[in-house]
Amino acid sequence: MDIKVRPLVVDDLFAVAKIIAKATGEGMKALANMQDAGETEVGMAIVTVGVAHAEKETKAWLADLVGKTPEELSKMPIMTAMDIAEQLAEQEDIKVFFTRANALAKKLAGKK
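Residues numbered from 1 in each chain as written. Predicted model: local features only at pLDDT ≥ 70, side-chain atom pairs only at ≥ 80, totals over all residues. Heavy atoms only, no water.

## A look at the nonpolar core
In terms of nonpolar packing, the biggest core is built from 21 residues, with Val16, Trp61, Leu62, Leu65, Ile84, Leu88 and Phe98 touching the most fellow members. Counting residues per element, the ones that place at least two in this core are helix 1 (10-21), helix 3 (39-53), helix 4 (55-65), helix 6 (79-89) and helix 7 (94-108). Dropping the residues within four chain positions of it, Leu88 is found in contact with Val5, Leu8, Trp61, Leu65 and Ile94. (Core = buried A, V, L, I, M, F, W, Y, C linked by side-chain atoms within 4.5 Å. Buried < 20%, exposed > 50% of the residue type's maximum accessible area, 1.4 Å probe, protein only. Helix = DSSP H or I, 4+ residues; strand = E, 2+ residues; numbered from the N terminus. Contact = heavy atoms within 4.5 Å.)

Below, the structure is given as structure tokens:
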């Protein structure tokens, strides 16, 4: 199945920040250790933490990235999520995007 991830937009920053803000304990520790990671690793960490701590929000965001509903995404092959993460990693400035989303999440959660 061929899917195409749309370019990131402003709303994606808020969606990812809300996903990150729901992460606790080990999830936040994993994200904090992403500073020296490559774009693919950062993207996969966000998706993994999102699935573990904010399943509904993560599914909605991933579905939106490929023009599907969360219900449609749920019925797609398992590798679809990996395909989405890989395509995200190929986008320009993706690491900066995730770093800023992480910073915004901390502000939304009241942390500094």
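That covers the picture; the talk isn't over yet.
## Here we look at helix 1
Between its first and last C-alpha atoms helix 1 spans 17 Å; for 12 residues at 1.5 Å apiece the expected length is 16 Å, and the two agree. Residues of helix 1 that are buried include every one of Asp12, Val16, Ala17, Ile19 and Ile20, and no others. Summarising the axial view, the buried residues of helix 1 lie within an arc of 160°, below the 170-degree limit, and thus occupy one face. What points out from helix 1, more than 90 degrees from its buried face, is the exposed set Val10, Asp11 and Lys18. (Expected span 1.5 Å × (residues − 1). Arc of directions from axis to C-beta.)

## A word on helix 4
Looking only at helix 4, the buried set comprises Thr58, Trp61, Leu62, Ala63 and Leu65. Positioned one or two residues after helix 4, Gly67 has a phi angle of 70°, which is positive.

## Quick word on a nonpolar patch on the surface
Together, Ile78, Met79 and Met82 make up an exposed nonpolar region whose accessible area comes to about 320 Å². Its location among the elements puts Met79 in helix 6. Overall, Met79 belongs to the partly exposed group, its relative accessible area being 48%. (Patch = residues over 30% accessible without salt bridge, like charges linked within 9 Å, V, L, I, M, F, W, Y side chains within 5 Å. Areas by Shrake-Rupley, 256 points an atom, 1.4 Å probe, with all protein chains shown as cover. Salt bridge = Lys/Arg side-chain N within 4 Å of Asp/Glu carboxyl O.)

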